[in-house]
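Summary of the model geometry
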Amino acid sequence: MARADADDRRFDTPKGLGRSASPLRLPRDRDRFGRFTEWVARNMGTPWFLLGLTLFVTFWILWNTLAPAAWRFDSVELGFIALTLVLSLQASYAAPLILLAQNRQDDRDRVQIEQDRQRAERNLADTEYLAREVVALRLAVRDLASKDFIRQELRQVLDELDRRDEEEGTHAAS
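This section reports on the structure supplied with the text. Being a predicted model, the structure only gives us computed values, none of them experimental. Every residue gets a number counted from 1 within its own chain, in the order that chain's sequence is written. The model is predicted, so local features are restricted to residues of pLDDT at least 70 and side-chain atom pairs to those at 80 or more, both for listing and for counting; the totals for chains, interfaces and linings are taken over all residues. The basis for every side-chain value is the complete set of non-hydrogen atoms in the structure, without hydrogens or water.

Observations regarding the overall build of the chain
Each helix corresponds to a stretch of at least 4 residues labelled H or I by DSSP, and each strand to a stretch of at least 2 residues labelled E; elements are numbered beginning at the N terminus. From N to C terminus, the chain includes 5 helices and 0 strands. Scored against the burial criterion, the 174 residues of the chain give a buried share of 8%. Whether two residues are in contact is decided by their heavy atoms, any of which lying within 4.5 Å being enough. In the chain, 48% of the contacts between residues at least 6 apart in sequence involve partners at least 24 apart. Areas reported here follow the Shrake-Rupley algorithm with a probe of radius 1.4 Å; residue values treat only the protein chains shown as occluding. Total accessible area computed for the chain in this model is approximately 15,400 Å², and 62% of it derives from carbon and sulfur atoms. Accessibility here uses a 1.4 Å probe with only protein chains present; expressed as a share of the type maximum, an area under 20% marks a residue as buried, one over 50% as exposed, and anything in between as partly exposed.

As structure tokens, this is what we get:
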């Protein structure tokens, strides 16, 4: 009878979750690789990178032109094939890394646009609510009695009281 694997004997975990497929595989960190691609994209367009690449190519050409023949590793007669291969390799890795960095930036922009849209919707709803409140306040203020209206009403009441007093005075005198 074949001996069961240690993970297969445990019933509290699903099969295959205890170990990775390969013991040499490191845990994946996509964000670290994404930050690396952004670093590459950010630095490849700088003057320092261009200066460094220019110095590297200049040193390469000078070394393989002026150094003793035994120390040379690229041939002037063949048009610096190794240098061309190195620069092609650098370009072949740079292009996808820059595209990956652009994709990450597009994802961030998409999230930012969505957040801006939600914020704009909230601001619009708040503005509409405040506009409705202002209209309600205007209507309420329009229904409030003004000072002149209250004075007029008080004068009418006082006039009516004065008339009653006069009528009561004439009735009491008779």
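Topic: the packing of helix 3 (residues 47–66) against helix 4 (residues 81–143)
Note on definitions: angles span 0 to 180 degrees between N-to-C directions of axes, and those axes are lines fitted to C-alpha atoms, for helices only across the stretch in contact. Contact geometry for helix 3 and helix 4: axes closest at 11 Å, N-to-C directions at 160°. Regarding the angle of helix 3 to helix 4, the classification is roughly antiparallel. Every pair of crossing elements has a handedness; the one defined by helix 3 and helix 4 is right-handed. Contact with helix 3, carried on its side by Phe 49, Leu 53, Phe 56, Val 57, Trp 60 and Ile 61, involves Ala 82, Leu 83, Val 86, Leu 87 and Gln 90 of helix 4 and no other residues of that element. Each angle gets one of four labels, with under 35 degrees taken as roughly parallel, over 145 as roughly antiparallel, 65 to 115 as roughly perpendicular, and the rest as oblique. Handedness of a crossing follows from how the near helix is turned relative to the far one, being left-handed for an anticlockwise turn of less than a right angle and right-handed for a clockwise one.

A few points about unusual backbone geometry
Positioned with a positive phi, Phe 80 is a non-glycine residue whose angle comes to about 55°. A relative accessible area of 12% places Phe 80 in the buried class.

A word on the pattern of salt bridges
Whenever a carboxyl oxygen of Asp or Glu lies within 4 Å of a side-chain nitrogen of Lys or Arg, that contact is scored as a salt bridge. Applying the stated rule across the entire model yields 10 salt bridges. Two residues, Glu 38 and Arg 104, come together in a salt bridge whose shortest N-O distance is 3.0 Å. One end of the pair, Glu 38, is in helix 2 (residues 30–44); the other, Arg 104, is in helix 4, with 66 residues separating them in the sequence. By relative accessible area, Arg 104 is classed as partly exposed at 22%. A salt bridge links Arg 110 to Asp 107; the shortest N-O distance between them is 2.8 Å. Of this pair, Arg 110 and Asp 107 both sit in helix 4, 3 residues apart, roughly one helical turn. Ionic contacts of the salt-bridge type, sharing partners, join the residues Asp 31, Arg 35, Glu 38, Arg 104 and Arg 108 into one network.

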